[in-house]
There are 2 protein chains.
Amino acid sequence: MQETVVEFQTLQRSGAVANQALEIIKQMIVRGELTAGQRLPAQRDLAARLGVSRPSLREAIRALIALNILESRHGEGTFVSSLEPELLAEPIDFLLQVNSTALVALFEARRALEAAVASLAAERATDLELAQLEDFVKLGRSKLDDLDAFIEHDVEFHGRLRAAARSPILSSLLASVNTLSNASRRQTARSAATRARALADHEAMVRVLKARNPQAAHQAMVEHLQHVLEGLTDVAPA
Amino acid sequence: MQETVVEFQTLQRSGAVANQALEIIKQMIVRGELTAGQRLPAQRDLAARLGVSRPSLREAIRALIALNILESRHGEGTFVSSLEPELLAEPIDFLLQVNSTALVALFEARRALEAAVASLAAERATDLELAQLEDFVKLGRSKLDDLDAFIEHDVEFHGRLRAAARSPILSSLLASVNTLSNASRRQTARSAATRARALADHEAMVRVLKARNPQAAHQAMVEHLQHVLEGLTDVAPA
DNA sequence: CCGGCAGATTGGTCAAGCCACCTGGCCTCG
DNA sequence: CGAGGCCAGGTGGCTTGACCAATCTGCCGG
């Protein structure tokens with residue numbers, strides 16, 4: 001370990017050693033040197049390789065576990081998690097519990113992305129997709145009374161829109177934002193009136209999509225999510 | 001602290017002790033026993049109070065730091081963070097770093113996000129911000145001949161818009177998208193004509209912002225990025 | 001061939017100590 | 001008397017070394 005010391009002129013803030021180890025591991029994952037499910041070297045070996053003590057390495061590992069990036073199994077080893085977006089987004093739940101204004105911020109992001117998706121879907125969806133979407137939306141009528149079923153219906157509606165938009169980046173961003181706000185979705189759909197309005201919005205959306213009108217689709221989605229947001233603030237004010 | 005031991009029948013998975021300390025601290029924050037900015041007891045004391053060793057407690061603290069729930073300052077103490085929404089950003093960033101594969105459709109995402117930012121900025125920017133932005137854009141004229149200076153100018157223009165939009169989540173998403181597309185920015189601004197058109201777009205943007213017209217701002221941004229995209233494809237076709 | 005036992009491997013925890021940093025009070029000097 | 005510097009105490013950061021507990025592996029005996 002003669003040359004383990006790397007750019008040390010970086011800010012020497014708190015937790016220099018442990019954070020350094022943390023960043024190195026993170027980068028190894030980002031760069032693909034470590035892939036999902038892969039096993040890390042034993043803590044004793046890895047600590048030696050990184051030039052830090054085992055407790056410090058353990059702090060770094062524990063931090064990455066908290067972020068659902070790593071997981072460790074006693075007696076087996078430490079592994080890279082599946083890195084599923086859902087897992088990686090989970091830690092945010094805590095902040096949403098504590099700070100409800102964060103929820104509103106999330107909604108802004110979702111609105112922007114969903115609107116873009118709707119707009120693209122109006123241009124790129126196949127006729128078959130639109131026909132199937134129309135049929136699917138009709139099924140929603142029978143689910144108005146079942147909260148769980150309707151939530152599932154709503155999720156799939158937006159999922160189909162994403163697929164039709166053919167924009168993997170937008171889909172990926174939206175997936176991130178959505179997994180964050182999934183917890184709140186249950187609240188938003190609580191009242192029957194809210195659900196009925198959502199269904200009506202979905203039907204309106206299908207109409208403008210079939211008319212191949214991107215701008216109208218954009219606008220329709222903004223309004224739809226505005227309704228949802230109102231339903232949310234009704235339930236949980238301030 | 002005779003009764004520190006709490007529900008131990010919970011799954012005894014890996015990291016039982018450290019995780020227990022972690023959960024206890026988390027719950028104290030959720031319940032409001034610890035509020036934003038408050039100082040925690042010294043690690044040595046807290047470890048004793050929770051009935052764990054200091055290294056284990058440190059693992060728990062490090063995990064909470066990774067989640068942006070705590071922060072520690074050397075020589076001062078460990079504190080509850082501000083718990084503000086922008087702290088959501090960091091975990092999302094990693095998610096995007098890992099997930100991002102397709103660089104192709106990136107521009108769509110940027111367009112959607114920038115447009116949303118412009119729209120929000122039209123509503124939320126202070127008069128002072130807009131006045132300063134106007135002055136700043138004027139400075140752009142003198143930079144038209146210097147490629148590097150103009151790129152820097154362009155980056156700051158969009159940065160100021162983000163700041164004025166007051167939407168940490170959108171900013172964070174956009175930051176991720178931008179780091180991915182930074183490589184191409186240099187190409188887009190290569191021709192003098194492209195730069196002149198970009199500057200004109202910026203000036204137009206300032207006008208609609210001062211008019212407090214969100215929809216026009218949205219539209220102006222879409223058109224602006226459309227121009228940039230055209231400049232890009234001119235230079236580097238498919 | 002198979003089952004089980006024993007050692008090696010690995011993560012989990014702890015104890016004790018040193019260092020680096022910040023703060024605040026004391027003391028000295030002007 | 002005030003201002004500046006010095007120093008001690010408290011705090012987080014890090015290391016060493018050791019032991020415990022869960023798991024895996026392979027050998028050995030039935």
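This text follows the structure it describes.
Conventions adopted
- Along each chain, residue indices are assigned from 1 in the same order as the chain's sequence is written.
- Following the order in which they are written, the chains are lettered starting with A and the ligands numbered starting with 1.
- Given that this is a predicted model, residues contribute local features only at a pLDDT of at least 70 and side-chain atom pairs are listed and counted only at 80 or more, while totals for whole chains, interfaces and linings are drawn from all residues.
- Excluding hydrogens and water, the side-chain figures rest on all heavy atoms present in the structure.
- Starting at the N terminus, helices and strands are each numbered in turn, a helix being any DSSP run of H or I of at least four residues and a strand any DSSP run of E of at least two.
- Only protein chains enter the calculation, and the probe is 1.4 Å; a residue is then buried if its accessible area is under 20% of its type maximum, exposed if over 50%, and partly exposed in between.
- Contacts are residue-level and defined by heavy atoms, with any inter-residue pair within 4.5 Å sufficient.
- If a single non-hydrogen atom of a residue is within 4 Å of a molecule or strand, that residue counts as near it.
- Polar contact is the term for a pair of N or O atoms within 3.5 Å; when the atoms are in protein, one must be able to donate a hydrogen and the other to accept it, and sequence-neighboring residues count only if both atoms are side-chain atoms.
- Any residue that is not Ala, Val, Leu, Ile, Met, Phe, Trp, Tyr, Cys, Pro, Asp, Glu, Lys or Arg is counted as polar, Gly included; the first ten are nonpolar and the last four charged.
- The criterion for strand pairing is that DSSP finds at least two bridges linking the strands in question.
- Among buried residues, the Ala, Val, Leu, Ile, Met, Phe, Trp, Tyr and Cys ones that are joined through side-chain atoms within 4.5 Å form a nonpolar core.
- In this analysis, rings of Phe, Tyr and Trp, with Trp reduced to its six-membered ring, are considered paired at centre separations within 6.5 Å, and the interplanar angle assigns stacked below 30 degrees, edge-to-face beyond 60, and tilted for intermediate values.
- By the criterion adopted, a ring carries a charge over it if an Arg CZ or a Lys NZ lies within 6 Å of its centre and within 35 degrees of its normal.
- Salt bridges are counted wherever a side-chain nitrogen of Lys or Arg sits within 4 Å of a carboxyl oxygen of Asp or Glu.
- To estimate the expected span of a helix, count its residues, drop one, and scale the result by 1.5 Å.

**A closer look at the overall build of chain A**
Then, number 1: Within chain A, the regular secondary structure consists of eleven helices and two strands.
Then, number 2: Listing the helices and strands of chain A from first to last along the sequence gives α-α-α-β-β-α-α-α-α-α-α-α-α.
Then, number 3: Each of the 238 residues in chain A was classed as buried or not, and the buried ones make up 48%.
Then, number 4: Restricting the contact set of chain A to residue pairs at least 6 apart, pairs at least 24 apart contribute 71%.

**Structural notes on the protein's contact with DNA strand D**
Then, number 1: With respect to spatial proximity, 29 residues lie near DNA strand D, and among them Val17, Ser53 and Ser56 of chain A together with Gln43 and Arg54 of chain B are the closest.
Then, number 2: The share of sugar and phosphate among atoms of DNA strand D within 4 Å of the protein is 63%.
Then, number 3: One nitrogen or oxygen atom from the main chain of Val17 of chain A is found 2.4 Å from a phosphate oxygen belonging to DNA strand D.
Then, number 4: Put simply, the parts of the chain that give the surface near DNA strand D at least two residues each are α1 (16-30) and α3 (54-66) of chain A together with α2 (43-50), α3 (54-66), β1 (70-73) and β2 (77-80) of chain B.
Then, number 5: A per-class count over the surface near DNA strand D returns seven nonpolar, twelve polar and ten charged.

**Concerning the side chain of Glu108 of chain A**
Then, number 1: Mapped onto the elements of the fold, Glu108 of chain A is located in helix α6 (residues 101-124).
Then, number 2: For Glu108 of chain A, a relative accessible area of 10% gives the class buried.
Then, number 3: Polar contacts involving the side chain of Glu108 of chain A include one to the side chain of Ser167 of chain B, which spans 2.8 Å.
Then, number 4: Residues contacting Glu108 of chain A, with those up to four places away along its chain left out, are Leu120, Arg124 and Ser167 of chain B.

**With respect to the protein's contact with DNA strand C**
Then, number 1: Around DNA strand C, a shell composed of 26 residues is seen, among which Gln43 and Arg54 of chain A together with Val17, Ser56 and His74 of chain B lie nearest.
Then, number 2: Considering the 4 Å shell around the protein, atoms of DNA strand C inside it are sugar or phosphate in 66% of instances.
Then, number 3: Val17 of chain B is positioned such that a nitrogen or oxygen atom in its backbone is 2.5 Å from a phosphate oxygen of DNA strand C.
Then, number 4: A distance of 2.8 Å is found between a base nitrogen of DNA strand C and a side-chain nitrogen or oxygen belonging to His74 of chain B.
Then, number 5: At the level of elements, α2 (43-50), α3, β1 (70-73) and β2 (77-80) of chain A together with α1 (16-30) and α3 of chain B are the ones that each hand at least two residues to the surface near DNA strand C.

**Topic: the pairing of β2 of chain A**
Residue and element names in this part refer to chain A.
Then, number 1: Neither face of β2 is open: one carries Gly77 and Phe79, the other Thr78 and Val80, and all of them are buried.
Then, number 2: Where β1 meets β2, four bridges bridge the pair, whose relative direction is antiparallel. When the sheet's bridge partners are listed, Leu70 is paired in β2 with Val80.
Then, number 3: If you look at the hairpin formed by β1 and β2, you'll find three residues sitting between the two strands, and Gly75 has a positive phi there, around 85°.

**Things to note about the nonpolar core**
Then, number 1: In terms of nonpolar packing, the biggest core is built from 78 residues, with Met205 and Leu209 of chain A together with Met205 and Leu209 of chain B touching the most fellow members.
Then, number 2: Sequence-distant contacts of Met205 of chain A, that is, excluding residues within four places in its chain, are made with Ala118, Phe157, Leu161, Ala217, Ala220 and Met221 of chain A.
Then, number 3: One finds Leu40 and Ala66 of chain A together with Leu64 and Leu67 of chain B within the second-largest nonpolar core, a separate group that totals 49 residues.

**Overview of the packing of aromatic side chains**
Then, number 1: According to the stated counting rule, one finds zero aromatic pairs over all chains in the structure shown.
Then, number 2: Over the ring of Phe136 of chain A we find Arg160 of chain A, and its NZ or CZ is 4.5 Å from the ring centre.

**Points about the environment of Leu70 of chain B**
Residue and element names in this part refer to chain B.
Then, number 1: Its location among the elements puts Leu70 in strand β1.
Then, number 2: Under the relative-accessibility criterion, Leu70 is labelled buried at 2%.
Then, number 3: The spatial distance from the C-alpha of Leu70 to the C-alpha of Ala36 is 9.2 Å, given a sequence separation of 34 residues.
Then, number 4: In this view, Leu70 contacts Ile25, Ile29, Leu40, Ile61, Leu64, Ile65, Thr78, Phe79, Val80 and Ser81; residues no more than four positions away in its chain are not counted.

**Concerning the pattern of salt bridges**
Then, number 1: All chains considered together, the criterion is met by 23 salt bridges over all chains.
Then, number 2: A salt bridge links Arg73 of chain A to Glu71 of chain A; the shortest N-O distance between them is 3.5 Å.
Then, number 3: For Arg73 of chain A, a relative accessible area of 34% translates into the label partly exposed.
Then, number 4: Residue Glu71 of chain A is classed as partly exposed on the basis of its relative accessible area of 34%.
Then, number 5: Note that Glu156 of chain B is salt-bridged to Arg160 of chain B, the shortest N-O span being 3.0 Å. Of this pair, Glu156 of chain B and Arg160 of chain B both sit in helix α7 (residues 147-165), four residues apart, roughly one helical turn.

**Considering the environment of Arg207 of chain A**
All names here are of chain A.
Then, number 1: Of note, Arg207 is situated in helix α10 (residues 192-210).
Then, number 2: For Arg207, a relative accessible area of 55% translates into the label exposed.
Then, number 3: Along the primary structure Arg207 and Ala217 are separated by ten residues, whereas in three dimensions their C-alpha atoms are 9.0 Å apart.

**A look at α7 of chain B**
One turn of the α-helix equals 3.6 residues, which is why residues spaced by three or four share an orientation.
Residues and elements named next belong to chain B.
Then, number 1: Look at α7: 27 Å from first C-alpha to last across 19 residues, which is about the 27 Å you get at 1.5 Å a residue.
Then, number 2: Within α7 the residues assigned to the buried category are Ala149, Phe150, Ile151, His153, Asp154, Phe157, His158, Leu161, Ala164 and Ala165.
Then, number 3: Where α7 starts, the residue carrying a side-chain oxygen 3.1 Å from the main-chain nitrogen of Asp148 turns out to be Asp146.
Then, number 4: Arg166 sits one or two positions beyond α7 and adopts a positive phi of about 55°.

It is worth stressing that arrangement in space is one thing and function is another; only the former is reported here.
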